[in-house]
Amino acid sequence: MPRLNRPLTLSEKIVYGHLDDPASQEIERGKSYLRLRPDRVAMQDATAQMAMLQFISSGLSKVAVPSTIHCDHLIEAQVGGEKDLRRAKDINQEVYNFLATAGAKYGVGFWKPGSGIIHQIILENYAYPGVLLIGTDSHTPNGGGLGGICIGVGGADAVDVMAGIPWELKCPKVIGVKLTGSLSGWSSPKDVILKVAGILTVKGGTGAIVEYHGPGVDSISCTGMATICNMGAEIGATTSVFPYNHRMKKYLSKTGREDIANLADEFKDHLVPDPGCHYDQLIEINLSELKPHINGPFTPDLAHPVAEVGKVAEKEGWPLDIRVGLIGSCTNSSYEDMGRSAAVAKQALAHGLKCKSQFTITPGSEQIRATIERDGYAQILRDLGGIVLANACGPCIGQWDRKDIKKGEKNTIVTSYNRNFTGRNDANPETHAFVTSPEIVTALAIAGTLKFNPETDYLTGTDGKKFRLEAPDADELPKGEFDPGQDTYQHPPKDSSGQHVDVSPTSQRLQLLEPFDKWDGKDLEDLQILIKVKGKCTTDHISAAGPWLKFRGHLDNISNNLLIGAINIENGKANSVRNAVTQEFGPVPDTARYYKKHGIRWVVIGDENYGEGSSREHAALEPRHLGGRAIITKSFARIHETNLKKQGLLPLTFADPADYNKIHPVDKLTIQGLKDFTPGKPLKCIIKHPNGTQETILLNHTFNETQIEWFRAGSALNRMKELQQ
């Protein structure tokens, strides 16, 4: 970009290359809001319901950019792939029919249930070097493994792009991660991001793109780079990206996109960072010295070398016995991942061993499933004692009908997933979940204990002889072509004039949206505090997944899970808050509904990094639907803060984080300054204590002019309709 007159990072080249108005756009990292034109949109089925309902409300006839829906979130893991898929199609028929017909009517491609996990499908079909893609799932950055800028967003953001409106993003800072050396032995791409998560923590990447570079990059496969970018969501990063190289070219060619690979070769100098470019922060990792890692429990940034986790677990009182090992997920379900796990399994089988723990395998896509079946990997993993689940998210997002423990039973599981928040996988708050690479999961499932270190420890075969597992080796891609498996894609018809989309008014799964009320032009007086949250509050705490996923298209029904996982500072309990009118303690959603019925507007007080985790906009829609007006915290996760703004709520932060301690659940708050609401100007908050005393504090915000218009209109969707009139 000549006007900047400086070397650019790869992130800047791609992001600034998609500016709506590059000549006049203000560009300042971490400050200015960029107006961008993404190339495409992808939506998974749990978030696509609300996104398509909002798009229908917009009154537009067709999407303005290529868009797809992917059915991966609503398939519950019970007994195995085929039976679980048949059951999901039956249970979710109404939702799948809505998404298929809405896609056909509005020009959106539809990947049917069983096709695979959205991010694997994107990597196989839609990601390419230099693309700007947004997806309604927080792990959309997976596409950075193919050199694209792929960003997770809420459904309202997707609606903007599908409507042809420039998409706003605060100009990201850029964190450079320089990789030297090369991966070998038991170390894997997963260990890179587990190490980075330990360095940056769950909020260290907030507002930044993580850009990997350096000579070590060439030792990582394309799907390995995708693994690293995928789990960048766990450090709060806007996205992550790798520079174009021969590993990406090889993957593009193998997945039927040789023409794109040739085009990327032609422009390869534009698909890498410029020499001398500036990073806001620089981390260096020597891959030759990187040891296998395992992170957890309860948070993905608690990093341990595998060699040390057993001792730490003993000291902390974490269960050493591993009940279940689970491999797959959008993070680690590539051909190479399955091959490395099978290489470990073959060694154990040769000595007569099977898994001591239960063991599950989730293929990332129908193409991966069909290919690992053809090439024998799936059967090797079954022989070890594994169950091959459906090509879907499954236990990674809580879609797991777990039978081996009772709720409240303390236990340990190890997974190759990306998140391990309390209760996320199985709704049991006592499950200690650890994340690591698929090959380490496989080795630990064979040994059955966290104390096992495959680099140094021995197993005993059925013949009584001790042996040590050799570091796994596997092809990054099949020697022949991929087996595509069954055709699971529905292309939107050219003529959709006769297509109908029906939503029954009595449906318990789907509900057409009513516009939120506009701002009344007044300050927010005497807001009741619904809950003052203590500690970590992820989107899983705010709007749980698992069994609640079936209500993702019905705003009123899913609002019955509002903040049921958040810990109330007043009593240290989840889903128990004081009703300020009756003085009785009850569930959070019931209390919010009581306030709404009686015209009492309310606010939530939160801690650090409020709303980390998933991109689910239901965590913003629900408080708005039940009468919430503001969320006041020490800090926000990026996607959740934007989602709150989109729905007409006020995400505000304490100018002095210590002011969190001045507010008590029995207080009332008045937020002043909304009549003169301008970018960069703090709002005043008057804290009214029950004894009649008052305190005044300042609240910061990150609203720009456009976002202030969303607030005044009642939501971004309302504002879009105003502009259409």
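Predicted model only: the values in this text are computed from it and were never measured.

Procedures and definitions
Residues numbered from 1 in each chain as written. Predicted model: local features only at pLDDT ≥ 70, side-chain atom pairs only at ≥ 80, totals over all residues. Heavy atoms only, no water. UniProt positions renumbered as here; feature names shortened; annotations may be inferred. Helix = DSSP H or I, 4+ residues; strand = E, 2+ residues; numbered from the N terminus. Axes fitted to C-alpha atoms, helices over the stretch in contact; angles between N-to-C directions. Parallel < 35°, antiparallel > 145°, perpendicular 65-115°, else oblique. Contact = heavy atoms within 4.5 Å. Nonpolar A, V, L, I, M, F, W, Y, C, P; charged D, E, K, R; others polar. Phe/Tyr/Trp six-rings, centres within 6.5 Å; stacked < 30°, edge-to-face > 60°. Buried < 20%, exposed > 50% of the residue type's maximum accessible area, 1.4 Å probe, protein only. Lys NZ or Arg CZ within 6 Å of the ring centre and 35° of its normal. Pairing = 2+ DSSP bridges. Right-handed = clockwise from strand over helix to strand, strands pointing away.

Before going further, it helps to spend a moment on the UniProt feature "domain: Aconitase A/isopropylmalate dehydratase small subunit swivel" (unreviewed entry) in the protein chain. Mapped onto this structure's residue numbering, the UniProt feature "domain: Aconitase A/isopropylmalate dehydratase small subunit swivel" (unreviewed entry) falls at residues 528-656. Here residues 528-656 runs as 27% helix and 22% strand, with 21 Å between its end C-alpha atoms.

Let us look at the packing of helix α8 (residues 222-230) against helix α9 (residues 246-254). The interhelical angle for the contact between α8 and α9, taken along N-to-C directions, is 105°, at an axis separation of 8 Å. Between α8 and α9, the interaxial angle falls into the category roughly perpendicular. Listed contacts from α9 to C222, T223 and M225 of α8 are R247, M248 and Y251. Tallied by class, the residues present in the contact of α8 with α9 amount to four nonpolar, one polar and one charged.

Quick look at the environment of V192 now. Position of V192 relative to the elements: it lies in helix α7 (residues 189-200). Along the primary structure V192 and L287 are separated by 95 residues, whereas in three dimensions their C-alpha atoms are 7.9 Å apart. Dropping the residues within four chain positions of it, V192 is found in contact with L179, Y212, I228, I285, L287 and L290.

Turning our eyes to something else, we now look at the packing of aromatic side chains. Evaluated as defined, the whole model comprises 14 aromatic pairs. When the centroid spacing of 6.3 Å and the interplanar angle of 85° are considered together, the rings of F654 and Y660 count as edge-to-face. According to the relative accessible area criterion, Y660 is buried, its value standing at 4%. We note R40 situated over the ring of Y126; from NZ or CZ to the ring centre the distance is 4.0 Å. K105 extends its terminal NZ or CZ atom over the ring of Y106, reaching a point 6.0 Å from the ring centre.

Here we come to the pairing of strand β27 (residues 602-605). Burial of the side chains of β27 extends over both faces: W602 and V604 are buried on one face and V603 and I605 on the other. Pairing of strand β22 (residues 524-532) with β27 involves four bridges; the strand directions are parallel. When the bridges of β27 are listed, K532 appears paired with I605. Note that β27 and strand β28 (residues 628-633) share four bridges and pair parallel. Paired with I605 across the bridge in β28 is I632. Between the parallel elements β27 and β28, the chain passes through helix α19 (residues 618-625) in a crossover that is right-handed.

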